[in-house]
Amino acid sequence: MFESLQERLSGILDALTRRGALSDADVQAALREVRRALLEADVALEVVRGFTDKVRERAVGAEVVKSVTPGQMVVKIVHDVLVETLGSDAEAIDLNAPPPVAIMMVGLQGSGKTTTTAKIAKRLAERSKRKVLMASLDTRRPAAQEQLRVLGEQISVDTLPIVAGQTPVQIAHRAMQAARLGGYDVVMLDTAGRQFVDEALMAEMAEIEAAARPHEVLLVADALTGQDAVNLARAFDERLSLTGIVLTRLDGDGRGGAALSMRAVTGKPIKLVGTGEKLDQLEEFHPGRIAGRILG
Ligand code: GDP
């Protein structure tokens, strides 16, 4: 296991016997460890730089109060900047629009998109008492539409009947129309993924977005992807009006770097996190918990 940042900073800073303000030199030494800890937590390099600048601004000249050691003090500053960067409050899914409200789910293949679509649908149906329709727009993987139908049965949420031969945009139109006619509050659009971001994927997503005019566009991303998460988030954010991020596999042993990187690059909130394969393993995002993971 990694030595925690707290331990490392104590080693460096607590040798300082004097009290008073942290000097530039003290902070520089501490920042080297902060940088290492962030990189080990898989935070993208470009995000690390901006982050350590913020910590430096706040730490240099800060008075070390009697009740804490300089190491504890820097850890506290790092923790606070982490929580601020991650976003302080859990932001709920926004359904504040005339029904049917469309929620478009985007992301790479295998990120947990279909599972998360069903998890959110279940939550909206059970907790928010909304009438939800799910539609799979994945015409690339033959089993994808069937997978969503089976999940729908498990959670007692309706799915759009499967019609062979339609394009994703045609399915999107059909889903919106079915939702209007059927009096649904919410339509969840589960789109196709790819193994990596490419122009064909982005063009398809942009076309679906234009057709369905979703109120929420949620990027589903695997918490274990670390550094790659930045490129992923940037690519989707450039082409679509992303409204938030859902981070899956937070039950895995990732150290939370993906969350920080994606949030910092897109500025979009992490709205929910997946913590397992079961359909009720979806939780609100707590920045403090991720900050704790990153600090080690
Ligand atoms: P998609 O290709 O993006 O639609 O991915 P799927 O929804 O089919 O999920 C791929 C795999 O990841 C499945 O085995 C899911 O059960 C699993 N999965 C999804 N979300 C989570 C999560 O939060 N934690 C864990 N451990 N597994 C997940």
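Looking at an unreviewed UniProt entry, one finds the protein chain named Signal recognition particle protein, with Tepidamorphus gemmatus as its source organism. Per UniProt, the protein chain has the following entry under Sequence similarities (unreviewed entry): "Belongs to the GTP-binding SRP family. SRP54 subfamily." UniProt's Catalytic activity (unreviewed entry) comment on the protein chain is quoted here verbatim: "GTP + H2O = GDP + phosphate + H(+)".

Engineer: Would you mind showing me how to read the confidence of the model for the protein chain here?
Structural biologist: Regions with low pLDDT should not have their predicted coordinates read in detail. For the protein chain, the mean per-residue pLDDT works out to 90, and 96% of the residues sit at or above 70. Prediction confidence for the complex, expressed as pTM and ipTM, is 0.92 and 0.99 respectively.

Engineer: Would you take a moment to explain the pairing of strand 4 (residues 132–136) for this structure?
Structural biologist: Strand residues, when the strand is regular, have side chains that alternate between the two faces of the sheet. Among the five residues in strand 4, five count as buried, and that is most of the element. Side-chain alternation along strand 4 places Val132, Met134 and Ser136 on one buried face and Leu133 and Ala135 on a second face that is also buried. Pairing of strand 4 with strand 6 (residues 186–190), which is carried by five bridges, proceeds in the parallel orientation. Looking at strand 6, one finds that serine 136 is bridged to aspartate 190. In the sheet, strand 4 pairs with strand 5 (residues 158–159) via two bridges, with the strands oriented parallel. Among the inter-strand pairings, methionine 134 is bridged to a residue of strand 5, identified as threonine 159. Assessed by its sense of winding, the connection that carries the chain from strand 4 through helix 6 (residues 144–155) to strand 5 is right-handed.

Engineer: Even after reading the chapter, I still don't get unusual backbone geometry, so can you show me in this structure?
Structural biologist: If a residue is not glycine, its phi is most likely negative; likewise, a peptide bond is most likely trans. At the junction of proline 99 and proline 100, the peptide bond is cis and its omega measures out at 0 degrees in the coordinates. Relative to the elements of secondary structure, proline 100 occurs in the loop between helix 4 (70–86) and strand 3 (101–107). Unusually for a residue other than glycine, serine 156 sits at a positive phi of about 55 degrees. Position of serine 156 relative to the elements: it lies in the loop between helix 6 and strand 5. Among the residues examined, serine 156 registers a relative accessible area of 66% and is labelled exposed. Although it is not a glycine, arginine 213 adopts a positive phi angle of roughly 45 degrees. You can see arginine 213 is positioned in the loop between helix 8 (199–212) and strand 7 (216–222).

Engineer: Looking at this structure, how should I read the site of the ligand?
Structural biologist: Close to the ligand lie 17 residues, the nearest being Gly110, Lys113, Thr115, Arg249 and Asp251. One of the side-chain nitrogen or oxygen atoms of aspartate 251 is found 2.6 Å away from a nitrogen atom of the ligand. For the ligand, the accessible surface in isolation is 580 Å², of which the surrounding protein chains cover 81%. Assessed atom by atom at 2 Å from the grid points, the ligand resides in the largest pocket. Of the residues assigned to the shell around the ligand, the class counts are one nonpolar, eleven polar and five charged.

Engineer: When you look at the environment of serine 136 in this model, what are you seeing that I'm missing?
Structural biologist: Mapped onto the secondary structure, serine 136 falls in strand 4. Using a relative accessible area of 6% as the deciding quantity, one classes serine 136 as buried. Considered as a pair, serine 136 and isoleucine 171 are 35 residues apart in the sequence and their alpha carbons are 8.0 Å apart. Discounting residues that sit within four places of it in the chain, serine 136 has contacts with Ala144, Gln145, Leu148, Ile171 and Asp190.

Engineer: What should I look at first to understand empty space enclosed by the protein in this one?
Structural biologist: Empty pockets left among the atoms are what a rolling probe the size of a water molecule brings to light. Per the stated rule, a full pass over the model turns up two cavities of 30 Å³ or more. One number sums up the size of the largest cavity: a volume of about 60 Å³. At the level of elements, strand 4, helix 6 and helix 7 (168–182) are the ones that each hand at least two residues to the lining of the largest cavity.

Engineer: Any chance you could explain the packing of helix 8 against helix 9 (residues 228–239) here in plain terms?
Structural biologist: Relative placement of two packed helices is described by the angle separating their axes and the distance separating the axes. The interhelical angle for the contact between helix 8 and helix 9, taken along N-to-C directions, is 40 degrees, at an axis separation of 10 Å. One element, helix 8, and the other, helix 9, form an angle in the oblique class. Seen from above, helix 8 lies across helix 9 with right-handed handedness. The residues of helix 9 that touch helix 8, namely those facing Glu199, Leu201, Met202, Ala203, Met205 and Glu209, are Ala235, Phe236 and Arg239. Residue classes in the contact of helix 8 with helix 9 are distributed as six nonpolar, no polar and three charged.

Engineer: What is the right way to look at the layout of surface pockets in this model?
Structural biologist: Counted as a void, the largest pocket has a volume near 380 Å³. If you go around the largest pocket, you meet 24 residues; those closest to its centre are Ser111, Gly112, Lys113, Thr115 and Arg249. Of all the secondary-structure elements, those providing two or more residues to the lining of the largest pocket are helix 5 (113–126) and helix 6. Here the lining of the largest pocket is composed, by residue class, of one nonpolar, 15 polar and eight charged. When its volume is computed, the second largest pocket comes out at roughly 220 Å³. Looking at the second largest pocket, it is lined by twelve residues, and the ones nearest its centre are Ala92, Ile93, Arg123, Leu272 and Glu284. Looking at the lining of the second largest pocket, the elements with two or more residues in it are helix 5 and strand 9 (270–274). Partitioning the lining of the second largest pocket into residue classes produces six nonpolar, one polar and five charged.

Analysis parameters
Residues numbered from 1 in each chain as written. Predicted model: local features only at pLDDT ≥ 70, side-chain atom pairs only at ≥ 80, totals over all residues. Heavy atoms only, no water. UniProt positions renumbered as here; feature names shortened; annotations may be inferred. pLDDT = per-residue confidence, 0-100. Buried < 20%, exposed > 50% of the residue type's maximum accessible area, 1.4 Å probe, protein only. Helix = DSSP H or I, 4+ residues; strand = E, 2+ residues; numbered from the N terminus. Pairing = 2+ DSSP bridges. Right-handed = clockwise from strand over helix to strand, strands pointing away. Near = heavy atom within 4 Å. Polar contact = N/O pair within 3.5 Å; in protein donor to acceptor, adjacent residues only side chain to side chain. Areas by Shrake-Rupley, 256 points an atom, 1.4 Å probe, with all protein chains shown as cover. 1 Å grid on protein atoms, 1.4 Å probe; cavity = no way out; pocket = protein on both sides within 12 Å on 5 of 7 lines; lining within 4 Å. Sits in = over half its atoms within 2 Å of the grid points. Nonpolar A, V, L, I, M, F, W, Y, C, P; charged D, E, K, R; others polar. Contact = heavy atoms within 4.5 Å. Points joined across faces, edges and corners; volume = space filled by probe spheres on them. Axes fitted to C-alpha atoms, helices over the stretch in contact; angles between N-to-C directions. Parallel < 35°, antiparallel > 145°, perpendicular 65-115°, else oblique. Left-handed = near helix turned anticlockwise from the far one by under 90°.

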